[in-house]
Amino acid sequence: MNKRKFLFVLGTRPEVIKVAPVVFAARETGLIETEILHTGQHLELAAEMFRHFRLRPDFDLAVMQPDQTLFQLTSRITEGIGEIVSRNDYDMIFVQGDTSSAFIGALCGFYRKIPVGHIEAGLRTLDRYSPFPEEMNRRLVSPLASLHFAPTQRAGNMLAGEGIPGNLIEVTGNTVIDALFWSLQQDYPVRDDIKEFLDLPGRMLLVTTHRRENFGEPHRQVFSALLELVERFSDTRILFPIHPNPNVRREAAAMLNNHPRIHLTSPLDYQSFIRAMQKSYLILSDSGGVQEEAPSLNKPVLVLRESTERPEGLDTGALKLVGTDKARIIEAASDLLTSKANYEAMANAQNPYGDGQSGQKIVAAALAYLSSQSKNHR
Ligand code: UDP
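Each value, and the rule that gives it
Residues numbered from 1 in each chain as written. Predicted model: local features only at pLDDT ≥ 70, side-chain atom pairs only at ≥ 80, totals over all residues. Heavy atoms only, no water. Helix = DSSP H or I, 4+ residues; strand = E, 2+ residues; numbered from the N terminus. Rg over C-alpha atoms; globule rule 2.2 N^0.38 Å. Buried < 20%, exposed > 50% of the residue type's maximum accessible area, 1.4 Å probe, protein only. Contact = heavy atoms within 4.5 Å. Core = buried A, V, L, I, M, F, W, Y, C linked by side-chain atoms within 4.5 Å. Near = heavy atom within 4 Å. Polar contact = N/O pair within 3.5 Å; in protein donor to acceptor, adjacent residues only side chain to side chain. Axes fitted to C-alpha atoms, helices over the stretch in contact; angles between N-to-C directions. Left-handed = near helix turned anticlockwise from the far one by under 90°. Nonpolar A, V, L, I, M, F, W, Y, C, P; charged D, E, K, R; others polar.

Trainee: Explanation requested: the overall build of the protein in the structure shown.
Mentor: Counting its secondary structure elements, the protein contains 16 helices and 13 strands. The C-alpha atoms of the protein give 21 Å as radius of gyration, which agrees with the globular expectation for 378 residues (21 Å, within 12%). When the backbone C-alpha atoms are referred to their principal axes, the protein occupies close to 70 × 40 × 40 Å. Looking at the 378 residues of the protein, the share that counts as buried comes to 58%. Partitioning the intrachain contacts of the protein with sequence separation of at least 6 by distance along the chain shows that 70% fall at a separation of at least 24.

This is the structure:
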C-alpha cells in the first residue's frame, strides 16, 4: 500500500511543542510519510524546540522581517506555503492552533483542495480582538478545515454549535500534555544560568508574558505588581524568562532589572522551563500552553489576561483569571501566598487537558477519515 503523505505547517514555539507528538505518532504507524514546513514566525524560539524534539523542518520559509506588519507577514506566508503545496502532493495538511501560519496553512490547503486537519480546534474567547489576531485566526481555520481535533469536549461542542458536523469533530485531548510527558522522560540538563536560582530557599514565582494586547500599560501594571509582591513577601523570588519581543523586553528590563530577588533571563529551553515550573510555587502567565501544562504539574496559574479561550482550567479551579490590573494581581497572589487551603485547592485541581495520548488519537482519526473519503470516491 502507498504511504500517506502528511504536511505539518508550523511557525512558532508552541506549535512545534504541540505538533511534535502528532509527527511522532504518524511516524510510529509506518504508514505515513511526514514533512514539516516551518514558516519561521518565531525563528530562534522554534529552532530551540526543533532541537528539543529532535525534529528537522523539510522547508524553512524564514518569513520574519524587522518591524513587519501583519499584512506583510500574511502575504509572505501565503506565497511561501502556496508554492510548496502547489509542487507537492499531500494527502492531508495539519495546522495547529491560532497563528497566522495556521490560518494561512489552512487557506492554502483549501485552495489546493487538500483536506486540512486542525489540531487544537474549537477554542474561543468570543471576543474577536482578544487575543489579537489569534482569536480570529483560529475561528477562520474552522470553515477551511476538513477535520477538527478538539482538545476538550467543550471545544468540540463549540464547533458543533457553529455547524461543523459531529463526524468531523474528534475530541482528542491537547497534544501539549503528550509533549510534556515525553519531555519529562528526557534527561536534558537544566540551563546553567538558572540552576542556582531554582535551588535557592524560599518560594519562587515563575512569570511569562508576551501577548500583544498586554504591551504597554498592562505590562507596566503587571511588573509593578511583581515588585510589590516580592517586597511584601520576603521569602519569595521571581524567575522571569523574557520573550524576545522588544516590547516586552524593553519594559521588563526598565522596571525589574535591579531587584536582587528578581531574575530576568532569556527564553528558556523547554526542559529548563519545565523544571522551572516544577520548582515554582506559583505561576503568573498570559501563555496558552502554560495554562494547559501547569495543572499537570500541580502548579496554580494566575492568568494575566482579561479573557481566556481555555475556561476548562478555570472551571476545575486550576487557573484563576486575574487580568493585568495591579491591585487584582497583588490580591490574588497574596491570597495564594498566605492561605494554604486556597493554594492546595488550586494546586490539586484536576487537569482537564488530556491524558498524553492525543497524538495517536489524531493520527488514527486522520487515517480513518482518509480511508472513508477514498471509499466514497470509488
Ligand atoms: N516555554 C518555554 N520556555 C520559556 C517560556 C515558555 O519552553 O521560556 C514553553 C511553555 O512551556 C509552553 C510554550 O512555551 O509550552 C508556550 O509558548 P508561548 O507562551 O510562547 O505561546 P502560547 O502558548 O501563549 O501560544
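Next comes the rest of the write-up.
Trainee: Before we go on, may I ask you to explain the nonpolar core in this structure?
Mentor: Core analysis: the largest hydrophobic core is formed by 56 residues, its most contacted members being Phe6, Phe53, Phe94, Leu239 and Tyr270. If you tally residues by element for this core, the top one is helix α1 (residues 13-29), at nine residues. Apart from the residues within four sequence positions on either side, Phe53 is in contact with Val16, Ile17, Ala20, Phe24, Ala179, Trp182, Ser183 and Tyr270. In terms of nonpolar packing, the next biggest core, distinct from the first, is built from 31 residues, Phe223, Leu226, Ile238 and Leu256 among them.

Trainee: Is there a simple way to explain the site of the ligand in this structure?
Mentor: If you check the shell around the ligand, you find 16 residues, and the closest are Leu268, Ser287, Gly288, Gly289 and Glu293. Leu268 places a main-chain nitrogen or oxygen 2.8 Å from an oxygen atom of the ligand. One of the side-chain nitrogen or oxygen atoms of Glu293 is found 2.5 Å away from an oxygen atom of the ligand. Mapped onto the shell around the ligand, the elements with two or more residues apiece are α1, α11 (270-279) and α12 (288-293).

Trainee: Is there a simple way to think about the packing of helix α9 (residues 217-232) against helix α10 (residues 246-256) in this case?
Mentor: The axes of two packed helices give the description: the angle between them and the distance between them. Their axes nearest at 10 Å, the elements α9 and α10 cross at an angle of 30°. Pair α9 / α10 crosses with right-handed handedness. Contacts between α9 and α10 involve His219, Arg220, Phe223, Ser224, Leu226 and Leu227 from the former and Val248, Glu251, Ala252, Met255 and Leu256 from the latter. Split into classes, the residues belonging to the contact of α9 with α10 amount to seven nonpolar, two polar and two charged.

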